[in-house]
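# Per-entry structural report
The residues making up each chain are set out below.
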Amino acid sequence: MSRDVARKGVRMYPVHRHISPLVFASFLVLPALAQNPDKNARPTETPLYRGVSAPEYQILNINNIALWARLDGPGARSPKGKEVSFFPRGTAPIIYMDNFVWGGKLFLDANKSIPAFRQPIRVGGGTYNAGTSAGRVIGLGSSAVRANPNSADVRCYRVRRDYWTMTQKALRLDAAEANEIPIDQVTQVQMDAILAQYEKDWTEWPVQYGAPFIERNGITGYQSPPTFASEFNVDSLISGKYDEPGISGANPNAPADQVMWTVFNDLDVTRAQSFASYPLGLELQLTTWGYSRNEILSNVIFRRLRIINKGGVDTSRNITPSLGSFWIDSMYVAQWSDGDLGSFPDDRVGCDTVTQMGYYYNGGTVDALYASFNLPPPAFGYDIVQGPVVPSQGDSAIIGVRKLFGWKNLHLSSFGYFGSGGSFGCIDNIGYSCLTGQWWKLLRGFAPIGDFSPDVLYPSGPFPPSKFPLSGDPVVQSGFIDGLGTNYSFGNGDRRTVTSSGPFSLTPGDTQEVVVALVAGLGADRLSSLSVMRHTDNVAQAVHNSLFTLTRAPGIITEVAYPTVSEATVKLMAESQSVSLVSISTTLKTQAGSMIANVELYDDGIHGDGTAGDGRFANSVTIPREHNGLYLDADVRDSFSNRLNVSRAVDFITTLGPVRAVGPTVVSDNLNNDGVVNPGENVRFAFTIQNATQDTINNLRITATPDLELGRSVQPISVAPNSSLYMRAPV
């Protein structure tokens, strides 16, 4: 790009274009955005504590995901320089680093007619470098100043409501993970330090600065609960109706099991230069929480970013500063991530416009790091379960875990991605026009090419161009997906993603918030892990939509039988994880959303559910066989009138007819031909695929994964209706 064109590129009016794949191939990899960290370098270590009882880092480790955070924002690598998140906890990493990024147009007046004199569009937040500083903002507008970041109350807080009754085993594991050492190296001093910090954060929980608390006693404000003792334990909090630190929803008796909280700001001009932008004048409050008591929610961590327009920034056009606040318009907030799913060079990404998420999955059948734990590759994603709010007559939104009428929550507005290495056509890749310009495009769903030059969409080849590239379905290999090896869908690699929501406004003194669920899934292989993750995400969204009133969803399984050549009987069974459940209503639907049947499940002992009142619900329905897979929505209610609506509680229910794989059997072993697999042998296995349906099964594959390299697949084959096919697969 010429210098003249670059200078002209600061025009602000929208020009949407679709970019050529050949041009895009040169800028998928963006050093100004990615900063290309050396992931093979020795990690840089920093202290866990800044001082006595003042943690700079904390780890959420209550369930199957371990996630680090730092006092100046989310997404920091661990104190010893390791990755930010691991799943399943204690195994391999899923995230190298992640953070929030935001941006908007700044104005000096409520009518938004006078743009900020300097940098009228600004971007803030963090990626590999935090653009924020620890501590709250004291005051508003011209009087707003940063709190002293070295104050003892400026720290990353962490509470675990059962800390007083933690077992020695649980406490030792917590100390091992917090200190990043093997569990057999944990000392009593380290265990005592963990327990002391839990107690300190519990008793000094900073409600006065905005930390959430659970209201139970009916008295306005927060009243600290009694000190834990032999006669007062965690169960006493609910039974005695005491307030407590942490977070819950409309049901105060369903609190999160572990919560982290920190507050930070963007007023430091030097730090804000991570995006070559001046500050916007924001205070950010980050609440991170998780649940341990539910199998599905054990694979979810929720993060709520509360954004407050405090001011305290230079609004003048002169050399002499004049502090105040901006009216921020056309604002977007995004979850940025450098996901490393095990080994980082073999990742793929995508977005799901139905579940409002961006996600990562493995490009190969085997990942070297996960194989070392004898695990297939998992999948993970970020779901914007609650976007910012905008006025909308007749609608209702969720903010502060409460309903707000006359407003609505924004959804996923765009998805962006890029990779590491290479270069692109920006003249100054550290200046305002380039860095802020590229991120401004990414936040709004455009390809990050050039600077503030005209907007262009990501290339999409034969698929319609949109702000949601890679929105196909990798599980069924349909639509626009990653890894196709083309100029618009590259091969496996190291990816970054930007999952965005907007636009919204933020007036001086106003507050917005976004809630993102970090969701992970582990299946039998890389693609079934995606399916598991999607199911978990559906439950996470349903729990959020219920205002966290019901945080225990029953697991539903299906069995399909074929009483006639044209019918299928679907038996639905649900195992209640809460004895208070009173009803489970389900709806079978086609993939297009058309209803097939409503099925009420019963716990009465006469619907194939076992004994009446045993917490097992079941029922059956006979329907015509369907050529395509069905899915099941579930509506769950408990005795306290709490309700949970789970979309796609079960997906891809096959009713076309039985398909079975018989085998494997050994048909050739070269050393002694004894029909047994022996060490060092070249072995051939055989399978018989029995298709008892009325349709041909196409694109069937058998994949072998003999070592840590990518598995080998036989060519796709077809099986005719009501027939069997004998197959051999080399191993």
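Residues numbered from 1 in each chain as written. Predicted model: local features only at pLDDT ≥ 70, side-chain atom pairs only at ≥ 80, totals over all residues. Heavy atoms only, no water.

Within a beta sheet, neighbouring strands are joined by backbone hydrogen bonds and run either parallel or antiparallel to one another. Pairing within the open sheet is antiparallel, and its four strands lie in the order β34-β33-β36-β37. Strands at the two margins of the open sheet, each flanked by one partner only, are β34 (595–601) and β37 (643–653). The sheet shows a mean angle of 20° between the axes of neighbouring strands, direction not considered. Note that strand β36 (residues 630–638) and β37 share six bridges and pair antiparallel. Counted as the bridge partner of D635 is N645 from β37. (Pairing = 2+ DSSP bridges. Helix = DSSP H or I, 4+ residues; strand = E, 2+ residues; numbered from the N terminus. Axes fitted to C-alpha atoms, helices over the stretch in contact; angles between N-to-C directions.)

The terminal C-alpha atoms of helix α5 (residues 188–203) lie 23 Å apart, and with 16 residues this matches the ideal 22 Å at 1.5 Å per residue to within 8%. Turning to α5, its buried residues number three or more, namely M191, I194, Q197, Y198, D201 and W202. On an axial view of α5, the arc spanned by its buried residues comes to 130°, and they lie on one face. Opposite its buried face, α5 presents the exposed residues V189 and T203, each directed more than 90 degrees away. (Expected span 1.5 Å × (residues − 1). Buried < 20%, exposed > 50% of the residue type's maximum accessible area, 1.4 Å probe, protein only. Arc of directions from axis to C-beta.)

Looking now at the sheet that holds strand β32 (residues 567–575). One open sheet accounts for three strands, arranged β31-β32-β35; its pairing is antiparallel. Edge positions in the sheet fall to β31 (555–561) and β35 (616–624), since each has one partner strand and no second. Strand-to-strand twist in this sheet, taken as the mean axis angle between neighbours without regard to direction, amounts to 20°.

In this section: the pairing of strand β25 (residues 389–399). The two faces of a sheet get side chains in turn, since along a regular strand they alternate between them. With seven bridges joining them, β25 and strand β26 (residues 402–409) adopt antiparallel strand pairing. If you follow S396 over to β26, its bridge partner there is F405. Linking two consecutive strands that pair antiparallel, namely β25 and β26, is a turn of two residues; a positive phi of about 65° is found at G400 within it.

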